[in-house]
Amino acid sequence: MYQVPTGFPKGFLWGGAVAANQCEGAYQYEGKGTSVADINEFRADLPLEKRSNAEISTDYIEEALNSKIGIFPKRWGINFKETYPQDLKLLGDMGLKLFRTSIDWSRIFPNGDELEPNEAGLHFYDKLIDEIIANGMEPMITLSHYEIPLNLTLNYKGWYSREVVDFFVRYCKVLFDRYQGKVKYWIVINQINLIGHESFNHLGIAEDKVANLAEAKYQGVHHMMVASALATEYAHQVDENYEVGMMLCGGPEYAATCDPEDVLATLKINQMQYFFADVLLRGYYPGYAFRYFEEHDIQLEFAEGDEAALKNTADYLSFSYYYTQICDAKQDEPYRNKALPANPWGWTIDPLGLRTLLNSFYDRYQCPIYITENGIGCYDKLEEDGSVYDDYRIDYYKAHIEQMKEAIKDGVDLRGYCAWGPIDIISCSSSEMSKRYGFIYVDQDDYGKGSQKRYLKDSYDWMKKVIASNGAVL
């Protein structure tokens, strides 16, 4: 008879996650090309909620490349390209069992369309992966995390161009071949459903290069899903032990009221977030998506063989979780739930929403699940003695881990959890350093100034105890 779990399963993978473009630095070092992330400007003059580079024109790109505007903090990151041995030791000492990072596509194929990879870039990742393993962690590698080579935007149309499918699959094949026996866990595309908030970072489509941007985004995502399926097929051919996942940005919308119109509107908006996982985990486009495209005058082109390619489904679902929102049938966009507390950037804190989402995903897909991003961005203060008192972060993690445990008791097959930014890194959305997530403080400000010395926050020791007890002691 089935026994309700009492806690986290044996072998649960406690981990941390970063992205190459937010931590490595070493802009254009050893043959690295320029990626879309390298032109994300830091805008201190804008309100916090306006600092994201959702849509970008070719004029902006040219100005960025000619350094006629702003500053670009992701170009220096936290110097992880040089400090990774020390940083990984700190994370290993904390007890992490899993370390998720990305391989920067523009380090391996600087322009994206070359026939042969950049060996110097590969050599760096050889060393990085070896160091992750040496510190007792399993590497989880993301193949595309906002690092598409900028050349594919300027001389093609990003993921809107069909040629990019072949370019990306070639890149994936190089990595699957090279890291056989070292990397078991892969994520092909980071947060594949973020075609709005992070559309340029995600798809590399300049808004002035296409006639219908909304249609171009969905065509680009179609190409991305086909490429992901083809990469998954190849990975399984190379190594039957490879586990290849797909990833969503998770965050369920709540109906504003019990009015049936609000309930239906909420269902529809949640469906179009499930859509990407429906395709990559079930292997075909759902009917509700075709209706959405018809009602929004979006015409997609399927190439011969696309439908067959999509049958190569992912092995697991992974997702990020930061906040939930409210959906009202009378409003065009979801909005913040004012009943919940929020961080300074307006991201609501909703631990129970994580349990709800875990159950919703598992009920729908019945596959292994990994939470590959979760955390809270805050302003942290470094005290004169090197201390960082971040009880607010401990409270956040405690509440979310408690709800993960409840979801496991509900029967959800949750196998791993990655805290986002276990060491402070440059913010994805706002390109600032002061939005800190880590258990480890990096002495660097929004303008790259500081010693770059690492300090352990109070949350470091707390999380170390949580991991040592496999989540029993919170």
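Reading the values: the criteria
- Residues numbered from 1 in each chain as written.
- Predicted model: local features only at pLDDT ≥ 70, side-chain atom pairs only at ≥ 80, totals over all residues.
- Heavy atoms only, no water.
- Buried < 20%, exposed > 50% of the residue type's maximum accessible area, 1.4 Å probe, protein only.
- Helix = DSSP H or I, 4+ residues; strand = E, 2+ residues; numbered from the N terminus.
- Arc of directions from axis to C-beta.
- Salt bridge = Lys/Arg side-chain N within 4 Å of Asp/Glu carboxyl O.
- 1 Å grid on protein atoms, 1.4 Å probe; cavity = no way out; pocket = protein on both sides within 12 Å on 5 of 7 lines; lining within 4 Å.
- Points joined across faces, edges and corners; volume = space filled by probe spheres on them.
- Nonpolar A, V, L, I, M, F, W, Y, C, P; charged D, E, K, R; others polar.
- Pairing = 2+ DSSP bridges.
- Contact = heavy atoms within 4.5 Å.
- Axes fitted to C-alpha atoms, helices over the stretch in contact; angles between N-to-C directions.
- Parallel < 35°, antiparallel > 145°, perpendicular 65-115°, else oblique.
- Left-handed = near helix turned anticlockwise from the far one by under 90°.

1. Some words on helix 11 (residues 287-295)
Part 1: Regarding helix 11, the residues found buried are Tyr288, Ala289 and Phe293. Taken down its axis, helix 11 places every buried residue within 140° of arc, on the same side. Set apart from the buried face of helix 11 by more than 90 degrees, the exposed residues are Gly287, Arg291 and Glu294.
Part 2: With its phi angle positive at about 55°, aspartate 297 sits one or two positions after the end of helix 11.

2. Notes on the pattern of salt bridges
Part 1: Applying the stated rule across the entire model yields 24 salt bridges.
Part 2: Among the salt bridges present, the one from glutamate 24 reaches arginine 107, with a minimum N-O distance of 2.7 Å. Of this pair, glutamate 24 sits in the loop between helix 1 (20-23) and helix 2 (58-65) while arginine 107 sits in helix 4 (residues 105-108), placing them 83 residues apart in sequence. This pair shows no difference in class: glutamate 24 is buried, exactly as arginine 107 is.

3. A look at the layout of surface pockets
Part 1: Roughly 170 Å³ of internal volume is contained in the second largest pocket.
Part 2: Of the residues assigned to the lining of the second largest pocket, the class counts are three nonpolar, three polar and three charged.

4. Looking at the sheet that holds strand 9 (residues 335-336)
Part 1: Taken together, the three strands give an open sheet; going across it, the order is 6-8-9, and neighbouring strands pair in mixed fashion. Since the sheet does not close on itself, it has two edges, and those belong to strand 6 (253-255) and strand 9, each with one partner.
Part 2: Examined bridge by bridge, strand 6 and strand 8 (residues 325-327) share three bridges and lie parallel to one another. In the strand pairing of strand 8, alanine 255 is matched with cysteine 327.
Part 3: Strands strand 6 and strand 8 of the sheet are contacted by helix 10 (residues 260-282), whose axis makes an angle of about 165° with strand 6.

5. As for the packing of helix 3 (residues 80-94) against helix 5 (residues 119-134)
Part 1: Relative orientation of the contacting elements helix 3 and helix 5 amounts to 15°, with a least axis distance of 10 Å. Relative to helix 5, helix 3 is oriented roughly parallel. The interaxial crossing formed by helix 3 with helix 5 has left-handed handedness. Every residue of helix 5 that contacts helix 3 at Phe80, Lys81, Tyr84, Pro85 and Leu88 is listed here: Phe124, Lys127, Leu128, Glu131 and Ile132.

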